[in-house]
Amino acid sequence: VTEGLQQLHQVHIWLQQLQLSEQPQGLSGVLSEQQLSECAVAWELQRCSNATAAASLLQQQVMAALQQLPSSMWQGEMRMESVTPDGNLSIDIAAVTAAGVQLAIELDGPTHFVSPGNRLNGPTQFRNRMLAAQGYTVISIPYWEWDACKTAQQRHEHLMFPTTR
Amino acid sequence: VTGRCGWTVRDRDGQQLQQLLAAYTEQLHSAIPQGITNVLWGVAKLQQQVPPGRLQLMVTALVSQVDRAKPQDISNAVWAVGKMGQQVPEQQLRLLLEGLVGRLHQAKPHPGCCKHLVGCGAFEEAGAATAAAAVAICIHHSIGYGKATGCVKYTVGGSASLARGQQVPEQQLQLILAALEKHLQSVKPQEVSNSLWACARFRHVPGQLLTALQEQRHLESFLSDATPQHLANTAWACGQLWYSSSTLLDSIMQQTARLMQQRSSFKAQHYCNLCWAVAVLHMQHLVPVVLQLVKAYACTWESSV
C-alpha cells in the first residue's frame, strides 16, 4: 500500500509540473485532500529514509572535492541532502555557481542504471526531469566515472568542467 | 527401479540400501553421470537419505564429469539433493548449475527442480554466480514449459532475492530472453509479464523481446488474455527500465480501459503501477486514462491512516 501511495504522489507532482489547463492542480479534485495527504506522507517518509541512507562515502568524497575548488566559483555554501523548495525531492549536493546557476549534483550508483548501455533508469530520469522543472541544472556523476578518478587532481578536473557554468 | 515403482522402504531394506550405497561409493571412480544421478534420484524418491559424507563423494564425482552429464542428469541430481534436504558446497553447486545453464536448450524441466533449487539454498545462501545460474534455470523452466507453473513462482522469488544487490550474468539472461522471444506466440501473458518484471529487477532492458512484443500478432495475443496484473507489471517494468514506447504503453492503457469497462478485478497496486509508469515515462497524451484510473482507485480507497 505504501509503495502505491508513493507512486500516486509522483503522479501528482508530475501532473502539477505539466500544468495542464484541464488538470492544473495535479490530482487535486480527483483524490480528496485526505487521500493526497496520505500520499504525501508516504512519499516524505521514503524521501527521508533515502536521504539518511544516501549520506554515503561517495557523497562525502565528492563534497570534499567540490570544496577544494576555488570559492570564487560559488555563491553561498554547498549543501548535502538539500530539499527542493516544494519539499518533494532531496538533492545529494546543491550549489549555486557564481553565475547564479542552481546545480543539483547527483551521485548515481549502480542502482540508477540499466544495461545494456548504462542508461539512467526510469525513476532517476523522473527525478532529473522534476529537478529541471524547478530550475535546477542536474549534474549526474555516475559511480564508474568517479571511481575512475584515482587522484585528487583527476577528481578536481572531473568536477571542474560541469560546475563551471 | 524401486524409486520409480513407488515402493516404500522397511527398516531391513533401509539397511540394505545403505550397504548398496556404501558399495556404490567404493566404485565411484568408474561411475558415469547418469548412474550417479539415478542413485541419488532413487534414494530421494524412496524418501531415504544418502549419508552426507557419501553424498559429498557422489556430488564430487558428478561435478568432475559435469561436461559429460546430460542436462537432465544435473537437473535430477539437484532435485534429489534438495528433496533429501541436504546441501552441497557452494562451489560444487555453482559448477553443477552453470553446467546446466550452458545447455539449457537441451533440458527438460524436472517438475520439482525450481522448488528444490530454493530448498538447497541456491538463492538465499549461495553466492552471486550460483544464485544467478539458479534464476536462469528457473526462468528457462518457467518460460519454456508453461505447465511447470511452480517455476514461475520460484523464478520471481529468486529474482527478488537477487535484486537485493546482485546481477545476473548478461550472457545467461540473453539466453533465456532469446528462448522466450522465440516462443512468444505461444507463451502466456503471465510468463511475458513475469519475465519483464524480473528483467526490471535485474535492471536489464530486454530490447529484442520488447521489440518483438510490439509486433501486432504478439501484442494482440498478449493483450487479449492479459489480466490487470499482467498489464500493470509490464507497465511497471517499462517505467523502471525507461523503455519509452508509445506503441506498447498506449496499447496497455487502452486494454486497461477496456478491462475497467468490463469491471475486471483491479487491485490498488495495479492502478498505482499503471499510473506511475505513465508519469515516469512522461506520456502526456495518456493523462486522461490516468485520471480515469485514479478516480476508480479513489472509490475503492482504504485509508492507511
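Residues numbered from 1 in each chain as written. Chains lettered and ligands numbered in written order. Predicted model: local features only at pLDDT ≥ 70, side-chain atom pairs only at ≥ 80, totals over all residues. Heavy atoms only, no water.

Each helix and strand in chain B was counted, giving 17 helices and zero strands. Buried residues in chain B amount to 55% of all 305 residues. Summarising the internal contacts of chain B: among those between residues at least 6 apart in sequence, 79% fall at separations of at least 24. Taken as a whole, chain B presents about 13900 Å² of accessible surface, with 50% of it coming from carbon and sulfur. (Helix = DSSP H or I, 4+ residues; strand = E, 2+ residues; numbered from the N terminus. Buried < 20%, exposed > 50% of the residue type's maximum accessible area, 1.4 Å probe, protein only. Contact = heavy atoms within 4.5 Å. Areas by Shrake-Rupley, 256 points an atom, 1.4 Å probe, with all protein chains shown as cover.)

We now examine empty space enclosed by the protein. Residue and element names in this part refer to chain B. A full pass over the atoms with the stated rule returns four cavities of 30 Å³ or more. Among the secondary structure elements, those contributing two or more residues to the lining of the second largest cavity are helix H4 (52-64), helix H5 (71-83) and helix H6 (90-101). Along the lines of polarity and charge, the residues of the lining of the second largest cavity split into 10 nonpolar, no polar and no charged. (1 Å grid on protein atoms, 1.4 Å probe; cavity = no way out; pocket = protein on both sides within 12 Å on 5 of 7 lines; lining within 4 Å. Points joined across faces, edges and corners; volume = space filled by probe spheres on them. Nonpolar A, V, L, I, M, F, W, Y, C, P; charged D, E, K, R; others polar.)

Another aspect to go through is the layout of surface pockets. Estimated volume of the largest pocket: approximately 1400 Å³. Looking at the lining of the largest pocket, the elements that each hand over two or more residues are helix H1 (2-18), helix H2 (33-53), helix H3 (57-68), strand E2 (90-97), strand E3 (102-108) and helix H4 (122-133) of chain A together with helix H11 (189-202) and helix H14 (228-241) of chain B. Broken down by element, the residue count for the lining of the largest pocket peaks at six residues, all from H2 of chain A. Residue composition of the lining of the largest pocket, by class: 16 nonpolar, 15 polar and nine charged.

Our focus in this paragraph is the confidence of the model for chain B. Residues and elements named next belong to chain B. The predicted model of chain B averages 80 in pLDDT, with 71% of residues at 70 or higher. Element-level mean pLDDT values for chain B span from 45 in helix H9 (residues 149-162) up to 97 in helix H16 (residues 268-280). Under the prediction, the complex receives an ipTM of 0.94, its pTM being 0.72. (pLDDT = per-residue confidence, 0-100.)

The omega torsion across Ser-115 of chain A and Pro-116 of chain A is -5°, close enough to zero to call that bond cis. Its location among the elements puts Pro-116 of chain A in the loop between strand E4 (113-114) and strand E5 (119-120). Although it is not a glycine, Asn-118 of chain A adopts a positive phi angle of roughly 50°. Following the sequence through the fold, Asn-118 of chain A ends up in the loop between E4 and E5. With a relative accessible area of 37%, Asn-118 of chain A lands in the partly exposed category. You will see that His-282 of chain B, though not glycine, has its phi angle at about 55°, which is positive. Structurally, His-282 of chain B is set in the loop between H16 and helix H17 (287-299). You can call His-282 of chain B partly exposed: its relative accessible area is 31%.

Take the packing of aromatic side chains next. Under the counting rule described, the total for this entry stands at seven aromatic pairs over all chains. Cluster of aromatic residues (ring-pair linked, three or more members): Phe-266, Tyr-271, Tyr-297 and Trp-301 of chain B. (Phe/Tyr/Trp six-rings, centres within 6.5 Å; stacked < 30°, edge-to-face > 60°.)

Tallying each qualifying case throughout the model produces four salt bridges over all chains. Where Glu-106 of chain A meets Arg-127 of chain A, a salt bridge forms, and the shortest distance between an N and an O atom there is 3.3 Å. Of this pair, Glu-106 of chain A sits in strand E3 while Arg-127 of chain A sits in helix H4; the two residues are 21 residues apart in sequence, bridging distant segments of the chain. Using a relative accessible area of 2% as the deciding quantity, one classes Glu-106 of chain A as buried. Given the relative accessible area of 10%, Arg-127 of chain A is considered buried. Its salt-bridge partner being Glu-215 of chain B, residue Arg-217 of chain B comes within 3.6 Å of it at the nearest N-O pair. Given a relative accessible area of 51%, Arg-217 of chain B falls into the exposed group. Given a relative accessible area of 36%, Glu-215 of chain B falls into the partly exposed group. (Salt bridge = Lys/Arg side-chain N within 4 Å of Asp/Glu carboxyl O.)

Trp-14, Leu-15, Leu-27 and Leu-31 of chain A together with Met-253 and Leu-274 of chain B are the most contacted members of the largest nonpolar core, which has 82 residues in total. Dropping the residues within four chain positions of it, Leu-15 of chain A is found in contact with Leu-20, Gln-23, Gly-26 and Leu-27 of chain A together with Val-287 and Leu-291 of chain B. Core analysis: the second largest hydrophobic core is formed by 30 residues, Trp-41, Ala-69, Trp-79 and Val-88 of chain B among them. (Core = buried A, V, L, I, M, F, W, Y, C linked by side-chain atoms within 4.5 Å.)

Each side of the interface is counted separately: chain B has 31 residues, and chain A has 34 residues. When chain B packs against chain A, close to 2800 Å² is buried across both sides, 66% of that on carbon and sulfur atoms. Area buried by chain B at its contact with chain A is led by Arg-203, Trp-242 and Trp-301 of chain B, which between them contribute 24% of it. At the boundary of chain B with chain A, the tally comes to eight residue pairs in polar contact (both at pLDDT 80 or more). If you list the elements that add at least two residues to the side of chain B that touches chain A, you get H14, H16 and H17 of chain B. The residue makeup of the side of chain B that touches chain A, split by class, is 20 nonpolar, eight polar and three charged. (Buried area = accessible area lost by both parts, 1.4 Å probe. Polar contact = N/O pair within 3.5 Å; in protein donor to acceptor, adjacent residues only side chain to side chain.)

Before going further, it helps to spend a moment on the side chain of Asn-88 of chain A. Residue and element names in this part refer to chain A. Looking at where Asn-88 falls in the secondary structure, it is placed in the loop between strand E1 (74-83) and E2. Within the structure, the side chain of Asn-88 is placed 2.8 Å from the side chain of His-9, a separation counted as a polar contact. Excluding anything up to four places from it in sequence, Asn-88 contacts His-9, Ile-13, Trp-43 and Arg-47.

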